[in-house]
Amino acid sequence: MGEEQVVREIGHDEYDPKGTLALIAVYFVILLVMWVFMYFVEFLGNELTVV
Amino acid sequence: MSEALETGTPSFMDRFPQEASVVRASLISSFISLFLGAVFGLIQALHRTDVFRFLDSQYYYTVLTAHGVLLVVSFTIFFLVGLFTWATVRSLDRPLVDIRYTWAWYGLMVIGTLMAVVAILGGFFPSTDISADVLFTFYAPMQAHPLFYGGLAIFIIGTWLAGADYFRAWYAWKQDNPDERIPLQAFMVLTTMLMWYIATIGVAIAVVVFLLPWSLGLLDSVNPLLTRTLFWFWGHPVVYFWLMPAYLLWYTVLPSISGGRLFSDPLARVVFVLFLLLSTPVGIHHQYVDPGIAEGFKMIAMTNTMFLLLPSLLTAFTVVASMEHGARQRGGTGLFGWLRALPWRNPAFTGMALAGLMFAAGGFSGMVNAGMNINYLIHNTIWVPGHFHLTVGTAVALTFMAATYWLWPQITNKPIFSRPIALAQVVLWFVGMALMSNAMHVMGLFGVPRRTAEPQYQGFDFVASFGSITELRMQLALGGTLLFISTVLFVSNIALSTGTPRMSGLGKQLSEPLSPAADSPKVLDNLTLWFGIAMVLVVLAYILPLASIITDSGIVDPGVEAVPMLIDAATGLGPIGAVSDAAGRLVAAVVGVVP
Ligand code: HEM
Ligand SMILES: [Cu+2]
């Protein structure tokens, strides 16, 4: 493994993945913003589509 | 864990030399396909943007078929069998039962590929009647030469036998270890292969019962809606067949490369079981605009598809949490600061991490594709290739390339020729794909079609709400060119690695999960049970749609005539003629004779 310098061992019980939670929260916010954006671009910007 | 830090760990090649040869052969077949596919990709990117057209547009479909088949069938699946062979042998820690059998399935896959590729490339030579310009979806009534369907069938039989090889190895292992949990990598291989057995029922029937006999003249006609539905029965789960080897790498290799441990082994097993259960009963979501399938069935497919988001979101969580664990063990701190502690100089890490990031973006466009109503906005536009170049074209392809930098030394006992080039290569892929895929998505929203050699129309212009179509075209062409350069860097780096000096001690060990398999209920390892439930779900999802297609338009539809994809030899220039013609025009343009 060599290049993976571990400076401290973190076991199962001491590990709390809060950074992961933060990243996933950011992803969901981006998704939400994109959906709202899509509503403006695609639905308000175009005529009604009748299939 | 810490024993692994000492040098001199025996490599896979030291421990299983015969299996290592098969893995190497499979990867090399995969990379040859990748390189050829990228050549065709570059031609398309330059052609359809009108940056450089040296082939006559009627050959566009030969190019596009070759691109699709070489990349999503040969490149991905050869890599998969190589990786799965490695993963099975490594995790069960025993050789395969009979290496001659292993070479036999590899040989079948090679023969099948060569047959299909000959049929496709025949399209460049209008004087022969060999052609298969039917694209990788081979929808009837477009008809290919029998070599194409025959090659496909032989290739798939090869993959079935490969799966049986893994099951045999597992069975032998089980005799010696009756009470142990299936090692995680073997579990992933076996569940993926079970999914593949179910999925390929569809394509096997489409090809062997209908399309092959039809191309041989034994059957007068086929029912296009039926063969198309059977195609998509396979066509959605095949995307997970591409993705599962990437997931295997993200779950079992990426944590170690990040300096950490997999967050949870049981969660990984749950994800693979969910994919086995849910991958197949969703194929109809590719047919939202197909007439002849009731809206209700499409709704069911949409609902199943939304459930399928669950295992991918679970994966995002588990994989990122494992990376974070590595970063914190390496001394990273803070809510986001740990990201800096990740080993960004390691091409294997950076490639896989960037691949995962692009997959997250692909997740968004995938949700758009999956919604029955918003799908209409982007259906058959170039948005769709924009989407899957993020998923299979990057999440999968870039992960495979990045993982190769890690795996190759262990199956050859030779280090990678250049790590800096490797790092530049993965970053270049990311940049190139960001440009190409962004341009494709945006152009798709403006209605630019996919699968079109010359998407320009007389008396009609696509209107861009922002930017301009010309700008987007240039972006697509530039992105495609960077991707091509990245592929060349990858392939040549690996080729040059065959010349680096042989070393010992290149073996790498994988860290143990934080939460081990023993924490999970044993029923997770009951493959028969999951296979049974998956079959029931497939029957439920498909029995009614198939029955209604057959009652509406028959097993075969005599009204449908075959359309062989032949270019008229008299009008077709032939690629050589077209090339010299284009060269002539180029020279003339440079000289300034032609405006
Ligand atoms: C060198 C990098 C690549 C370039 C420049 C490239 C370029 C393109 C372009 C421009 C198209 C759209 C053609 C059209 O619809 O008219 C396309 C289609 C496609 N590409 Fe790529 N691509 C590349 C890599 C990949 C990879 C790595 C994969 C998968 C592993 C892939 C899979 C596909 C598939 C399946 C299609 C659709 C074919 C069809 O419509 O039948 N491509 N590619
Ligand atoms: Cu799908």
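Here is what the cut-offs are and how they apply
- Residues numbered from 1 in each chain as written.
- Chains lettered and ligands numbered in written order.
- Predicted model: local features only at pLDDT ≥ 70, side-chain atom pairs only at ≥ 80, totals over all residues.
- Heavy atoms only, no water.
- Contact = heavy atoms within 4.5 Å.
- Buried area = accessible area lost by both parts, 1.4 Å probe.
- Salt bridge = Lys/Arg side-chain N within 4 Å of Asp/Glu carboxyl O.
- Polar contact = N/O pair within 3.5 Å; in protein donor to acceptor, adjacent residues only side chain to side chain.
- Helix = DSSP H or I, 4+ residues; strand = E, 2+ residues; numbered from the N terminus.
- Buried < 20%, exposed > 50% of the residue type's maximum accessible area, 1.4 Å probe, protein only.
- Phe/Tyr/Trp six-rings, centres within 6.5 Å; stacked < 30°, edge-to-face > 60°.
- Lys NZ or Arg CZ within 6 Å of the ring centre and 35° of its normal.
- Donors = N, O, S within 2.8 Å, 3.2 Å for Na, K, Ca; no water.
- Tetrahedral: all angles 85-135°; square planar, octahedral: opposite > 155°, others 65-115°.
- Near = heavy atom within 4 Å.
- Nonpolar A, V, L, I, M, F, W, Y, C, P; charged D, E, K, R; others polar.

## Details of the interface of chain B and chain A
Here's step 1: Taken together, the contact between chain B and chain A spans 38 residues of the former and 31 residues of the latter.
Here's step 2: Taken over both partners, the interface formed by chain B and chain A buries close to 3400 Å², and the fraction arising from carbon and sulfur atoms is 68%.
Here's step 3: Ranking the residues of chain B by area buried against chain A places B:Q329, B:R330 and B:F364 at the top, with a combined share of 18%.
Here's step 4: The tally of links between chain B and chain A comes to 0 salt bridges.
Here's step 5: Where chain B packs against chain A, one counts 11 residue pairs in polar contact (both at pLDDT 80 or more).
Here's step 6: Those elements that place two or more of their residues in the side of chain B that touches chain A are α9 (254-257), α11 (295-329), α12 (347-370), α13 (372-378) and α15 (419-445) of chain B.

## Regarding unusual backbone geometry
Residue and element names in this part refer to chain B.
Here's step 1: Residues A140 and P141 are joined by a peptide bond in cis, for which omega reads 5°.
Here's step 2: Topologically, P141 is positioned in the loop between α4 (99-121) and β1 (142-143).
Here's step 3: At D50, a residue that is not glycine, the phi angle is positive and equals roughly 60°.
Here's step 4: Here N413, not a glycine, exhibits a phi torsion of approximately 60°, which is positive.
Here's step 5: On the basis of relative accessible area, N413 is assigned to the buried category, the value being 6%.

## What about the packing of aromatic side chains?
All names here are of chain B.
Here's step 1: Within this structure, the stated rule accounts for 39 aromatic pairs over all chains.
Here's step 2: Both rings, one in F138 and one in F148, keep their centres 5.9 Å apart while their planes meet at 75°; by these two values the pair is edge-to-face. Of this pair, F138 sits in the loop between α4 and β1 while F148 is found in helix α5 (residues 146-176), placing the two residues 10 residues apart along the sequence. For the pair formed by F138 and F148, the shared burial category is buried.
Here's step 3: Clustering of aromatic rings is evident, with ring pairs tying together F138, Y139, F148, Y149, W196, F231, W232, W234 and F241.
Here's step 4: Seen from the ring of Y101, R168 lies directly overhead, with NZ or CZ sitting 5.0 Å from the centre.

## Observations regarding the coordination of the iron atom of ligand 1
All names here are of chain B.
Here's step 1: The coordination sphere of the iron atom of ligand 1 contains the protein donors H67 (NE2) and H389 (NE2), at a distance range of 2.0 Å.
Here's step 2: Here the iron atom of ligand 1 is ringed by 6 donor atoms whose angles at the metal span 85 to 180°, and the overall shape comes out octahedral. With a gap of 322 residues between them, H67 in helix α3 (residues 60-92) and H389 in helix α14 (residues 383-412) connect regions that are remote in the sequence. In this structure, H67 and H389 share a single accessibility class: buried.

## What about the coordination of the copper ion (ligand 2)?
Residues and elements named next belong to chain B.
Here's step 1: The coordination sphere of the copper ion (ligand 2) contains the protein donors H236 (ND1), H285 (NE2) and H286 (NE2), at a distance range of 1.8 to 2.0 Å.
Here's step 2: Sequence spacing among the residues donating to the copper ion (ligand 2) works out to H-x48-H-H.
Here's step 3: By relative accessible area, which is 10% here, H285 ends up buried.

## Examining the site of ligand 1
Residue and element names in this part refer to chain B.
Here's step 1: In the neighbourhood of ligand 1, 26 residues make up the surrounding shell, with R48, Y60, H67, H389 and R451 lying closest.
Here's step 2: A distance of 3.4 Å is found between a nitrogen atom of ligand 1 and a side-chain nitrogen or oxygen belonging to Q44.
Here's step 3: Within the side chain of H389, an N or O atom sits 2.8 Å from a nitrogen atom of ligand 1.
Here's step 4: Every element with two or more residues in the shell around ligand 1 is listed here: α2 (17-48), α3, α14, α15 and α16 (469-497).
Here's step 5: At 6 residues, α2 tops the list of elements feeding residues into the shell around ligand 1.
Here's step 6: Broken down by class, the residue content of the shell around ligand 1 amounts to 15 nonpolar, 8 polar and 3 charged.

Interpretation note: all reported values are geometric properties and have no functional meaning in isolation.
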